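If you want the building blocks of each chain, they are given just below.
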Amino acid sequence: VQLQASGGGLVQPGGSLRLSCVASENILGFSAMGWYRQAPGNQRGFVAGITGGGSAHYTDSVKGRFTISRDNAKNTVYLEMNNLKPEDTADYYCNAILIDPPTTYWGQGTLVTVSS
């Protein structure tokens, strides 16, 4: 399984970006997909996740600003990020989770920089 993340870039505070994660296989086979981020000097942390049934979950710091969604026909998961803040600056990684066998796949990072 390959996950290709894209959409990062440089944006001013208050701006918006949409990240995409395209899977090489049918995403209906995954129990969940999600986005994590890692800022320099920090550990990778959970940002948002979406189950196969469409239930979405967010870390508190992005609630109301970020929206995760999925397009099963395109094997793609999106992360819409609005009202971006400098503290959102990080490499963003998408992942996909299988239950049987228990496996987590990771894509490469896409860098988001929020700066004036």
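## Examining the pattern of salt bridges
And step 1. Applying the stated rule across the entire model yields 3 salt bridges.
And step 2. Ionic pairing is found between Arg 37 and Asp 88, a salt bridge with its closest N-O pair at 3.0 Å. A residue pair is termed long-range when its members are at least 10 positions apart, and Arg 37 in strand β4 (residues 32-38) and Asp 88 in the loop between β8 (76-81) and β9 (90-98) qualify at 51 residues.
And step 3. By relative accessible area, which is 15% here, Arg 37 ends up buried.
And step 4. When its relative accessible area of 0% is taken as the criterion, Asp 88 is described as buried.
And step 5. A salt bridge links Asp 60 to Lys 63, with the nearest nitrogen and oxygen atoms 3.0 Å apart.
And step 6. A residue is classified by how much of its surface remains accessible, and Asp 60, at 60% relative accessible area, is exposed.
And step 7. Connected through salt bridges with shared partners, the residues Arg 37, Arg 65 and Asp 88 form a single ionic network.

## Structural notes on the pairing of strand β10 (residues 103-106)
And step 1. Pairing geometry for β9 and β10, over 4 bridges, is antiparallel. Counterpart to Ile 97 in the pairing with β10 is Thr 104.

Basis of the calculations
Residues numbered from 1 in each chain as written. Predicted model: local features only at pLDDT ≥ 70, side-chain atom pairs only at ≥ 80, totals over all residues. Heavy atoms only, no water. Salt bridge = Lys/Arg side-chain N within 4 Å of Asp/Glu carboxyl O. Helix = DSSP H or I, 4+ residues; strand = E, 2+ residues; numbered from the N terminus. Buried < 20%, exposed > 50% of the residue type's maximum accessible area, 1.4 Å probe, protein only. Pairing = 2+ DSSP bridges.

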